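So you can see what is in the structure, the chains are spelled out below.
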Amino acid sequence: MTTTTSAPPPAAPVPAPAARRTVPTGRRPWPAFALRRLIGLAAVFLVLLVLSFLIVQLIPGDPAVALAGPDATREDIAALHSQLGLDRPVLTQFLDYAGGVLTGDLGDSFQYRQPVETIIGNRLPFTALVSLYAILVVLIVAVPLGMAVAIATRGGRRRWLDTAFGALTGFLDSVPGYIMATFLVVLFATGIGVVPLLPPAYSPGDPNLSLLLPIAALAVGPACTVSRVVRRETAVVLENDYMRTARGWRLKPAALHLKYALPNLLTTTLTLSGLVLSGMLGGALIIESVFALPGLGSGIIKAILDRDYPVIQGMVLVIGMIAALVNLVVDVLLALVDSRNLGGAHGD
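Conventions we followed
Residues numbered from 1 in each chain as written. Predicted model: local features only at pLDDT ≥ 70, side-chain atom pairs only at ≥ 80, totals over all residues. Heavy atoms only, no water. Helix = DSSP H or I, 4+ residues; strand = E, 2+ residues; numbered from the N terminus. Buried < 20%, exposed > 50% of the residue type's maximum accessible area, 1.4 Å probe, protein only. Contact = heavy atoms within 4.5 Å. Areas by Shrake-Rupley, 256 points an atom, 1.4 Å probe, with all protein chains shown as cover. Salt bridge = Lys/Arg side-chain N within 4 Å of Asp/Glu carboxyl O. Phe/Tyr/Trp six-rings, centres within 6.5 Å; stacked < 30°, edge-to-face > 60°. UniProt positions renumbered as here; feature names shortened; annotations may be inferred. Expected span 1.5 Å × (residues − 1). Axes fitted to C-alpha atoms, helices over the stretch in contact; angles between N-to-C directions. Left-handed = near helix turned anticlockwise from the far one by under 90°. Nonpolar A, V, L, I, M, F, W, Y, C, P; charged D, E, K, R; others polar. Parallel < 35°, antiparallel > 145°, perpendicular 65-115°, else oblique.

*Asks:* Break down the overall build of the protein chain for me, with residues and values.
*Replies:* Each helix and strand counted, the protein chain has 12 helices and zero strands in total. For the protein chain, the sequential pattern of α-helices and β-strands runs α-α-α-α-α-α-α-α-α-α-α-α. The buried share among the 348 residues of the protein chain stands at 36%. Within the protein chain, contacts between residues separated by at least 24 positions form 76% of all contacts whose residues are at least 6 apart in sequence. For the protein chain, the computed accessible surface area is about 19,300 Å², with 67% contributed by carbon and sulfur atoms.

*Asks:* Give a detailed account of the pattern of salt bridges, specifying residues and quantitative values.
*Replies:* The full count for this structure, using the stated rule, is four salt bridges. Ionic pairing is found between R88 and D96, a salt bridge with its closest N-O pair at 2.3 Å. R88 sits in the partly exposed class, given a relative accessible area of 36%. With a relative accessible area of 41%, D96 lands in the partly exposed category. Two residues, R231 and D162, come together in a salt bridge whose shortest N-O distance is 3.6 Å. Within this pair, whereas R231 is found in helix α8 (residues 212-238), its partner D162 is found in helix α6 (residues 159-174), the two being separated by 69 residues in sequence. A residue is classified by how much of its surface remains accessible, and D162, at 28% relative accessible area, is partly exposed.

*Asks:* Could you give an account of the packing of aromatic side chains, naming the residues involved and the relevant values?
*Replies:* If you walk through the whole model with that rule in mind, you get four aromatic pairs. For the pair W30 and F33, a centre-to-centre distance of 5.4 Å together with 80 degrees between the ring planes defines the contact as edge-to-face. With W30 and F33 both in helix α1 (residues 29-57) and three residues apart, the pair spans about one turn of that helix. The exposure class assigned to W30 is partly exposed, which follows from its relative accessible area of 36%. On the basis of an interplanar angle of 45 degrees and a centroid distance of 6.1 Å, the ring pair of F110 and Y309 is categorised as tilted. Highlighted residues: F110 in the loop between α4 (90-102) and α5 (116-152) and Y309 in helix α12 (residues 309-337), separated in sequence by 199 residues. Grouped by ring-pair contacts, the aromatic residues F53, F94 and Y97 constitute a single cluster.

*Asks:* Please provide a residue-by-residue account of helix α11 (residues 296-306), values included.
*Replies:* Taken together, the buried positions of α11 are occupied by L296, G297, G299, I300, A303 and D306. Downstream of α11 by a residue or two, R307 has a phi angle that is positive, lying close to 55 degrees.

*Asks:* Go over the UniProt feature "transmembrane region" (unreviewed entry) in the protein chain with me, naming the residues and quoting the values.
*Replies:* Per the UniProt record, the feature "transmembrane region" (unreviewed entry) sits at residues 38-59, 132-152, 164-189, 209-230, 265-291 and 311-337. In residues 265-291, helix accounts for 100% and strand for 0%; the two terminal C-alpha atoms are 35 Å from one another. Helix makes up 100% of residues 311-337 and strand 0%. Its end C-alpha atoms lie 39 Å apart.

*Asks:* Describe α1, with residues and values.
*Replies:* Taking 1.5 Å as the rise per residue, α1 with 29 residues should run 42 Å; its terminal C-alpha atoms sit 43 Å apart, in good agreement. Taken as a whole, α1 has its buried residues at P29, F33, L41, L48, L49, S52, F53 and V56. Next to the buried residues of α1 lie α4 and α12.

*Asks:* For the packing of α11 against α12, give the residues involved together with the corresponding values.
*Replies:* Closest axis-to-axis distance for the α11/α12 pair is 9 Å, and the angle between their directions is 145 degrees. Considering the relative orientation of α11 and α12, their crossing is left-handed. Here L296, G299, I300, A303 and I304 of α11 come into contact with α12, specifically with V311, I312, M315, V316 and I319. For the contact of α11 with α12, a count of residues per class yields nine nonpolar, one polar and no charged.

*Asks:* Go over the packing of helix α7 (residues 177-191) against α8, please, and point to the residues and values.
*Replies:* A pair of packed helices can be characterised by two numbers: the angle between their axes and the separation between those axes. Packing of α7 against α8 leaves a shortest axis separation of 9 Å and a crossing angle of 140 degrees. One way to sum up the angle between α7 and α8 is to call them oblique. Seen from above, α7 lies across α8 with right-handed handedness. Here M180, A181, L184, V185, F188 and A189 of α7 come into contact with α8, specifically with L213, A216, A217 and V220. When grouped by side-chain class, the residues that make up the contact of α7 with α8 number 10 nonpolar, no polar and no charged.

*Asks:* Can you lay out the side chain of T153 for me, pointing to particular residues and giving the numbers?
*Replies:* One can find T153 in the loop between α5 and α6. Aside from chain neighbours lying at most four places away, what touches T153 is R158, L161 and D162.

Quick look at the structure:
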């Protein structure tokens, strides 16, 4: 009589963490990645250099006429043309402008007779302060909110919550930034009066509750966009096999969702956030006009009205490069999260 021994049951699969692949030894993708991104950044700079110059050529009106005043004679206007260099060929003007930018000289303002970099340096802290805080609000609010709704509605539970979340975020996301800003001012500043308006002599280094309104107006729409995408991606991640295995291991909810779900959301979330954050810079320029913030937004509008070509060119160039640098930072973060985003280093 023979006895048979049963084979031990197969070991349970270990829950997979973030879908991350390592680069094989011998390959060094980071230098190639850095080179590609630097070449791309240089290409963006050259495009912005050309566009920032050409854009002032499309603005109707003559800056010399605006500076000379209504009583100026033709001789006065011609003298201003020569003084401002507007009587030279367009190609010569572009070469002078490009040469100045490459040496760090953005020129002097027609209106204020100050270096453009000084004007931008005085206004940039206001735009940077509001944009930075709005970006932090979007990331801090949108990711946990989207994950929480997806977790609470997993498996078709609490359909009312999913419907209400989709309807509310969709509505808020569709409201233009300037309308949201106006509504917040009417409701919280002039209506209830719980938040003061920005004082005229405000310094960006001073804490002030009035900054809550422009930050909120700038962050509401992007936060809704990111939270909706995070909710959808979380719902997909929660149904993966490794998440079912992790739930079978009776892991605590914090470990389950933070260790195994969140890392798999980062690639999509960061990619979308990069696009959203770049768009927030344009929104910040509009929000500044509503709240009368002395930032780049109000500065570029005033420069257009004054036909102050060097200021317009300098601000367009700076804003464009800031957006390009934001995208560069997001690309680096994506590469750190998942080495496959380095491009060409898939380990195949």
